[in-house]
Number of protein chains: 2
Amino acid sequence: MAQSLTLTITALRERVEAIFLNAGLNPVQATALTTVIVAGERDACKSHGIYRIEGALRTVKAGKVDPRAIPELQLNEGSAIVKVNAKRGFANAAFELGLPAFAKRTSEFGLAALVINDCTHFSALWPEVEAVTKEGLAALVMCPSYATVAPTGGNKPLLGTNPFAFGWPRKDAAPYVFDFATSVAARGEIELHRRSGRSLPQGWAIDAEGNPTTEPEAALAGAMLPFGGHKGSAIGTMIELLAGIMIGDLTSPEVLDYLGTTTLAPFHGELIIGMSPEAFAAGRPGDPFARAEKLFDAIVGQGARLPSQRRFAARQTSETQGIILTEAEVEQLDRLRELGLEAVS
Amino acid sequence: MAQSLTLTITALRERVEAIFLNAGLNPVQATALTTVIVAGERDACKSHGIYRIEGALRTVKAGKVDPRAIPELQLNEGSAIVKVNAKRGFANAAFELGLPAFAKRTSEFGLAALVINDCTHFSALWPEVEAVTKEGLAALVMCPSYATVAPTGGNKPLLGTNPFAFGWPRKDAAPYVFDFATSVAARGEIELHRRSGRSLPQGWAIDAEGNPTTEPEAALAGAMLPFGGHKGSAIGTMIELLAGIMIGDLTSPEVLDYLGTTTLAPFHGELIIGMSPEAFAAGRPGDPFARAEKLFDAIVGQGARLPSQRRFAARQTSETQGIILTEAEVEQLDRLRELGLEAVS
């Protein structure tokens with residue numbers, strides 16, 4: 001009989017980190033991956049929680065990421081661009097390395113960019129957005145993905161699901177954070193429809209001939225569509241330009257060419273733009289943080305929600321009551337720790 | 001009998017500029033407004049062409065913009081933020097003043113921001129996006145508007161139609177440029193439906209009670225909806241935060257409070273982020289401009305369109321064959337020149 005297990009966040013951290021260390025990741029990589037996976041599980045964001053461990057291990061096993069990479073910080077005097085080369089390791093360790101210098105330059109210059117190159121991208125963008133807001137800074141984050149989305153008016157995959165994320169720091173509350181795919185749905189959602197035999201909503205996808213389809217199989221063989229029609233398509237294209245081409249890293253079609261599959265974590269770069277509300281607002285009337293609260297109150301006051309509130313509520317529960325895993329999940333964690341890369345195909 | 005008139009771009013410039021000078025604008029303000037209005041007309045973007053002259057004059061007459069303002073450049077050594085105070089004049093003159101210093105800082109630091117404060121905003125964002133791309137830089141531009149859009153899940157106007165624009169410089173072609181409202185439709189489109197007695201498409205608006213409506217009158221009394229559901233709503237909110245609150249300028253609800261109407265040009269600020277592809281791509285493989293062309297070819301190659309292509313085609317026609325105005329339009333230009341502020345109510 002399945003029995004659930006309640007773990008503290010720290011206890012889950014230890015279990016996840018042990019898996020990565022046993023699988024041959026160096027401590028820098030293992031710690032950074034553990035942080036985002038535990039954050040996902042803690043926030044009841046199951047699609048970015050422990051479920052992702054296997055994908056990371058599969059990517060290691062396929063030789064598409066260096067599990068022992070040591071990221072390298074590249075600072076140029078007088079530049080507002082901070083670069084970190086992930087050395088073909090996961091983006092997460094590179095982000096952690098770059099964050100302090102990036103936050104410092106953002107505060108000094110008013111705005112700055114953190115560019116991560118040559119990384120295997122893993123996890124949602126919100127953990128990074130939140131980390132930047134903790135420095136009292138606003139953040140805009142984007143990256144390509146695999147070519148699975150057709151531009152509006154087109155008929156085949158070209159753009160990625162290219163996530164676009166933003167954060168605004170709040171003094172006495174969890175930050176304002178959004179993080180979404182620029183496709184109308186995430187690829188995983190189409191896969192879930194396929195598994196459960198459900199049709200897709202109209203407007204999600206086209207088939208291999210470029211015609212609208214509600215069949216998950218046909219959609220997976222065809223292309224997904226951008227959110228919001230030509231506007232989302234334009235934003236997705238902008239992300240290819242800024243967070244692929246401009247930073248000298250792969251675009252979504254190049255990622256797919258390189259990997260040959262969408263089942264491994266993608267190899268590309270990432271662009272993070274930081275802005276200091278204090279620097280921007282200096283000399284102007286009003287405190288930007290207090291004014292933002294008025295805006296949030298007006299949103300919530302008319303019954304609309306701020307993004308990420310479900311995650312923050314789940315986080316509070318996890319922090320006070322621990323994280324509940326099913327028996328199957330606990331067994332899987334044990335299995336992954338024991339077998340390491342042998343556990344994945 | 002109505003007879004059309006063909007004018008060269010220069011001849012149209014002279015006519016428009018004379019109107020503004022006769023109406024009491026100083027040369028700095030008159031020239032900058034003329035540039036964007038003629039650009040709109042030249043690009044067959046009639047909603048931002050000479051049709052807008054009256055709105056500008058009405059705003060002057062209402063005392064909501066200073067027609068003789070001299071914008072002021074505020075440079076801080078070592079900062080990547082270039083600020084221009086429009087001194088309650090139009091944004092356009094402020095933008096022109098700030099552009100050279102902003103472009104210089106963007107090239108030096110890799111990225112920089114141009115903040116325009118205390119301006120009356122006038123015209124689309126694409127003329128400014130294009131001006132930045134002419135410097136070989138990528139640009140991200142945004143500003144608030146009047147509160148006419150309900151956040152997703154809400155039931156009353158709070159956000160503006162908050163335009164979001166982007167440009168990427170191309171070496172042998174017109175730049176990649178998009179510029180769109182973050183509402184599903186522009187307010188003018190709802191007004192056009194009202195005038196022609198047509199119902200609105202589903203999903204454009206809600207009535208004053210917060211219920212979905214396809215009636216233009218009910219929509220104008222209610223609120224418009226963001227494009228792309230909660231994603232567009234989040235982007236619209238981000239624009240209030242960055243291009244209203246962060247830069248110490250009015251948010252869309254504050255703009256509406258200040259003006260008390262949506263029929264005058266709005267008073268608020270504007271945020272422009274510039275990025276140097278050369279600085280970002282330095283030391284990385286591949287030329288970013290050549291790689292971008294490959295992406296554009298792939299988009300066009302599958303039958304999709306790049307944004308703004310219709311405008312660029314119209315521009316080419318205008319440049320070679322002149323701009324065609326109807327007799328009524330020519331008469332209106334003459335009338336506006338003769339009567340100045342007396343011509344508008």
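Keep in mind the model is a prediction, meaning the values are calculated, not measured. The numbering scheme is per chain: residues are counted from 1 as the chain's sequence reads. All chains are assigned letters beginning with A, and all ligands numbers beginning with 1, in the order in which they are written. Whole-chain, interface and lining totals are the exception, using all residues; otherwise, since this is a predicted model, local features are given only for residues with pLDDT of at least 70 and side-chain atom pairs are given and counted only at 80 or more.

**Examining the packing of helix H11 (residues 288-301) of chain A against helix H8 (residues 230-246) of chain B**
Contact pair H11(A) / H8(B): the axes reach a minimum separation of 10 Å and the direction vectors enclose 150°. The angle between the axes of H11(A) and H8(B) places the two elements in the roughly antiparallel class. Between H11(A) and H8(B) lies a crossing whose hand is right-handed. For the pair H11(A) and H8(B), the contacting residues are Pro288(A), Arg291(A), Ala292(A), Leu295(A) and Ile299(A) in the first and Thr237(B), Glu240(B), Leu241(B), Ile245(B) and Met246(B) in the second. Residue type decides the class: Asp, Glu, Lys and Arg count as charged, Ala, Val, Leu, Ile, Met, Phe, Trp, Tyr, Cys and Pro as nonpolar, and the leftover types, Gly among them, as polar. Across the contact of H11(A) with H8(B), the residue classes break down as 7 nonpolar, 1 polar and 2 charged. Between the N-to-C directions of two axes lies an angle of 0 to 180 degrees, each axis being a line fitted to C-alpha atoms and, for a helix, fitted only over the stretch in contact. Each helix is a run of H or I in the DSSP string that is no shorter than four residues. Each strand is a run of E no shorter than two, and both are numbered from the N terminus. Each angle receives one of four descriptions, namely roughly parallel if under 35 degrees, roughly antiparallel if over 145, roughly perpendicular if within 65 to 115, and oblique otherwise. Here a crossing is called left-handed whenever its near helix is offset anticlockwise from the far helix by less than a right angle, and right-handed whenever the offset is clockwise. A pair of residues counts as a contact when their C-beta atoms, built from backbone coordinates, are separated by no more than 7 Å.

**Thoughts on the relation of the copies chain A and chain B**
We place the copies in one frame by least squares, fitting the C-alpha atoms of every residue whose pLDDT is at least 70 in both. Between chain A and chain B, the superposition needs a rotation of 180° and an axial shift of 0.0 Å, giving an RMSD of 0.0 Å. Classification of the inter-copy transformation places it as that of a two-fold axis. Among all residues of chain A, the minimum C-alpha distance to the rotation axis is found for Gly228(A), at 2.0 Å. Same-surface contact between copies: 100% of interface residues of chain A are shared with the interface of chain B.

**Describing the domain arrangement of chain A**
Residues and elements named next belong to chain A. Each domain's extent was defined by an automatic or database domain assignment. Segmentation of chain A into domains returns domain 1 (1-61 + 308-345) and domain 2 (71-184 + 225-307). Using C-alpha coordinates to define each centre, domain 1 is positioned 24 Å away from domain 2. The element that contributes the greatest number of residues to the side of domain 1 that touches domain 2 is helix H2 (residues 27-42), accounting for 8 residues. Of the residues that constitute the side of domain 1 that touches domain 2, the class distribution is 7 nonpolar, 8 polar and 1 charged.

**Looking at the packing of helix H2 (residues 27-42) of chain B against helix H4 (residues 91-109) of chain B**
All names here are of chain B. Running from amino to carboxyl end, H2 crosses H4 at an angle of 95°, the nearest separation of the two axes being 8 Å. Classified by the angle between their axes, H2 and H4 sit roughly perpendicular to one another. Each of Val28, Gln29, Ala32, Leu33, Thr35 and Val36 in H2 lies in contact with H4, whose residues at this interface are Asn92, Ala93 and Glu96.

**Here's the deal with the sheet that holds strand S11 (residues 267-275) of chain B**
Strand pairs in the sheet, formed through backbone hydrogen bonds, run parallel or antiparallel to each other. Residue and element names in this part refer to chain B. By the convention used here, strands pair only if DSSP detects at least 2 bridges between them. Overall, mixed pairing links the 7 strands, which are arranged S2-S3-S4-S11-S5-S6-S7 in an open sheet. Edge strands, defined here as strands with exactly one partner in the open sheet, are strand S2 (72-75) and strand S7 (176-180). For this sheet the average axis-to-axis angle between neighbouring strands, irrespective of direction, equals 15°. Strands strand S5 (138-142), strand S6 (164-168) and S11 of the sheet are contacted by H8, whose axis makes an angle of about 95° with S11.

**Overview of the sheet that holds strand S3 (residues 81-85) of chain A**
Residue and element names in this part refer to chain A. If you walk across this open sheet you meet the 7 strands as S2-S3-S4-S11-S5-S6-S7, and the pairing is mixed. Unpaired on one side and paired on the other, strand S2 (72-75) and strand S7 (176-180) mark the two borders of the sheet. Neighbour to neighbour, the strand axes of the sheet diverge by 15° on average, direction disregarded. Both strand S5 (residues 138-142) and strand S6 (residues 164-168) contribute to a ladder of 4 bridges, which runs antiparallel. Of the residues in S6, the one forming a bridge with Ala139 is Gly167.

**Focus: helix H13 (residues 327-339) of chain B**
The span expected for a helix works out to 1.5 Å for each residue beyond the first. Between its first and last C-alpha atoms H13(B) spans 18 Å; for 13 residues at 1.5 Å apiece the expected length is 18 Å, and the two agree. Just downstream of H13(B), Gly340(B) is the residue with a positive phi angle, here 60°.

**Re the environment of Glu329(B)**
All names here are of chain B. By secondary structure assignment, the location of Glu329 is in helix H13. The exposure class of Glu329 is partly exposed, given the 19 C-beta atoms found within 10 Å. Along the sequence, Glu329 and Leu5 sit 324 residues apart, while their C-alpha atoms lie 9.1 Å from each other. Burial is judged by counting other C-beta atoms within 10 Å of a residue's own C-beta: 20 or more means buried, 12 or fewer means exposed, and anything between counts as partly exposed, with every C-beta placed from the backbone.

**Quick notes on unusual backbone geometry**
Residues and elements named next belong to chain B. A positive phi angle is found at Ser123, which is not glycine, with a value near 90°. Here Ser123 is to be found in the loop between strand S4 (111-120) and helix H5 (126-133). At Ser308, a residue that is not glycine, the phi angle is positive and equals roughly 75°. Relative to the elements of secondary structure, Ser308 occurs in the loop between helix H11 (288-301) and helix H12 (309-321).

**A word on the interface of chain A and chain B**
Taken residue by residue, the interface counts 56 residues in chain A and 56 residues in chain B. Of all the elements in the fold, those that place two or more residues in the side of chain A that touches chain B are strand S4 (111-120), S6, S7, helix H8 (230-246), helix H10 (277-281) and H11 of chain A. Residue contributions to the side of chain A that touches chain B peak at 10 residues, all from H8(A). Its residues placed into classes, the side of chain A that touches chain B shows 35 nonpolar, 15 polar and 6 charged.

**Comments concerning the pairing of S4(B)**
All names here are of chain B. The buried count for S4 comes to 10 of 10 residues, which makes it a mostly enclosed element. The sheet contact formed by strand S3 (residues 81-85) and S4 spans 5 bridges and is parallel. Looking across to S4, one finds that Lys83 is bridged to Val115. Classification remark: right-handed applies to a crossover when, strands pointing away from the viewer, the course from the first strand over the helix to the second runs clockwise. Handedness of the crossover joining S3 and S4 through H4 is recorded here as right-handed. Pairing of S4 with S11, which is carried by 8 bridges, proceeds in the antiparallel orientation. Paired with Ile116 across the strands is Glu270, a residue of S11.

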